[in-house]
Amino acid sequence: MIELKTESELAAMRVAGAVVGEALRAVRAAAGIGVSLRELDEIAAEVLREAGAKSSFLHYHPRSAPAPYPAVLCTSVNDAVVHGIPTDYRLRDGDLLSIDFGAEVDGWNGDAATSFVVGTPDERDLDLIAATERGLAAGIAAAVPGARLGDIGHAIGLVGRAAGYGLVADHGGHGIGRAMHEAPHVPNEGRPGRGMRLRAGMVLAIEPMFTASGRDDYRTAADGWTLHTADGSRAAHAEHTVAITADGPRILTVP
Ligand code: MF3
Ligand code: CO
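Computed from a predicted model, the values in this text were never measured in an experiment.

Novice: I keep staring at unusual backbone geometry and nothing clicks. Help me out?
Specialist: With the exception of glycine, the majority of residues adopt a negative phi angle, and the majority of peptide bonds are in the trans configuration. Cis geometry is adopted by the peptide bond preceding proline 184, which originates at alanine 183 and carries an omega value of 0°. Structurally, the position occupied by proline 184 is in strand S8 (residues 182-187). A positive phi is found at histidine 59, a non-glycine position, where the angle reads about 70°. Along the chain, the position of histidine 59 falls in the loop between strand S1 (54-55) and strand S2 (73-77). By relative accessible area, histidine 59 is classed as exposed at 59%. Positive phi values are uncommon outside glycine, yet asparagine 78 reaches one of about 55°. Mapped onto the secondary structure, asparagine 78 falls in the loop between S2 and strand S3 (80-82).

Novice: Honestly, the site of ligand 1 in this entry has me stumped. Any pointers?
Specialist: Lining the immediate environment of ligand 1, one finds 13 residues, of which His83, Asp100, His174, His181 and Glu239 sit closest. In this structure, a nitrogen atom belonging to ligand 1 sits 3.1 Å away from a side-chain N or O atom of aspartate 111. Between ligand 1 and glutamate 207, the relevant distance is 3.1 Å, taken from an oxygen atom to a side-chain nitrogen or oxygen of the residue. Protein burial of ligand 1: of its 330 Å² of free accessible surface, 95% is covered by the chains. Tallied by class, residues from the shell around ligand 1 come to six nonpolar, three polar and four charged.

Novice: I would appreciate a short explanation of the side chain of lysine 5 in the present structure.
Specialist: Following the sequence through the fold, lysine 5 ends up in the segment before helix H1 (7-30). At a separation of 3.0 Å, a polar atom in the side chain of lysine 5 contacts the side chain of glutamate 182. Leaving out residues up to four positions away in the same chain, lysine 5 has contacts with Leu10, Met13, Trp108, Ile176, Gly177, Glu182, Gly201 and Val203.

Novice: Looking at this structure, how should I read the environment of leucine 96?
Specialist: Among the structural elements, leucine 96 can be located in strand S4 (residues 96-105). On the accessibility criterion, leucine 96 (0% relative accessible area) is buried. With 55 residues separating them in the primary sequence, leucine 96 and aspartate 151 have C-alpha atoms 29 Å apart. Those residues in contact with leucine 96, other than ones at most four positions away along the chain, are Ser76, Val77, Asn78, Ser115, Phe116, Val117, Asp125, Leu128, Ile129, Arg234 and Ala235.

Novice: Whenever I open this one, the coordination of the cobalt ion (ligand 2) confuses me. Can you help?
Specialist: In an ideal tetrahedron of four donors about a metal, each angle is 109.5 degrees. In an ideal octahedron of six donors, the angles are 90 or 180 degrees. Taken together, Asp111 (OD), His174 (NE2), Glu207 (OE) and Glu239 (OE) make up the protein donors of the cobalt ion (ligand 2), found 2.1 to 2.2 Å from the metal. In primary-sequence terms, the residues that donate to the cobalt ion (ligand 2) follow D-x62-H-x32-E-x31-E. Pair noted here: aspartate 111 is in strand S5 (residues 108-117) and glutamate 207 is in the loop between strand S9 (203-206) and strand S10 (209-211), with a separation of 96 residues, a long-range link. You'll find aspartate 111 and glutamate 207 in the same group, each marked buried.

Novice: Looking at this structure, how should I read the pairing of S9?
Specialist: Side-chain direction in a regular strand flips from residue to residue, so the side chains alternate between the two faces of the sheet. Where burial is concerned, the two faces of S9 agree: the one with Val203 and Ala205 and the one with Leu204 and Ile206 are both buried. For strand S7 (residues 172-175) and S9, the ladder comprises two bridges, and the chain directions are antiparallel. Bridging from a neighbouring strand, histidine 174 pairs with alanine 205 of S9. Pairing geometry for S9 and strand S14 (residues 240-245), over four bridges, is antiparallel. Bridging from a neighbouring strand, alanine 205 pairs with threonine 241 of S14.

What counts, and where the lines are drawn
Residues numbered from 1 in each chain as written. Chains lettered and ligands numbered in written order. Predicted model: local features only at pLDDT ≥ 70, side-chain atom pairs only at ≥ 80, totals over all residues. Heavy atoms only, no water. Helix = DSSP H or I, 4+ residues; strand = E, 2+ residues; numbered from the N terminus. Buried < 20%, exposed > 50% of the residue type's maximum accessible area, 1.4 Å probe, protein only. Near = heavy atom within 4 Å. Polar contact = N/O pair within 3.5 Å; in protein donor to acceptor, adjacent residues only side chain to side chain. Areas by Shrake-Rupley, 256 points an atom, 1.4 Å probe, with all protein chains shown as cover. Nonpolar A, V, L, I, M, F, W, Y, C, P; charged D, E, K, R; others polar. Contact = heavy atoms within 4.5 Å. Donors = N, O, S within 2.8 Å, 3.2 Å for Na, K, Ca; no water. Pairing = 2+ DSSP bridges.

Below, the structure written as structure tokens:
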């Protein structure tokens, strides 16, 4: 069952999305060399407190995970793709950091992510991040009424594959609303014109994850959460919560 959101529900989701956008902005601004991942989690938690919002991530416990998620922010460094748990690790010059954050306000959720380099960037990391952002933009552009779910994955996958990057197998976006994860699953690769018809009022979290080596396989860390590329190559992640409307895609997760 796909729940279609009304215009006033989209307005409520926009409030949660603004908190997410603000938290990602604050974390990114603070993420310098020598700063620990736990300190970044604390900054994100402070944005929630100030907004009177709840974390969508803290204590989240899907069947696939051995333990509830222990933080409000995901911090995935270098070969970590997504779901990196903030630790005492201190950021180093040239680290590729992906941050992912979810907030709940009045029962509505927002979920977004962004990737960037700390300190002096390697050109290859900037290319990988730029492609991931282009993949996200292409996926968002395909999220229009009358199109199909496969059009979104097709648009994202085309960008990634054309640049020679890998797409993390089995992982993608999702419907979002009163729950952070709702139907449908939104694959990062797809066949144009196939899959569920997109309708105004659907809200999707679209989230490409590209790997530098071009390989799609991954492993889960001993912590049960962090996804790493199987070959240790770097990965980037970008995500927005997007409403499909008659006027076109509306990004909800901006400050
Ligand atoms: N954007 C991520 C996802 O949809 C956020 C989940 S983090 C978790 O999978 F900790 F809550 F699982
Ligand atoms: Co998500």
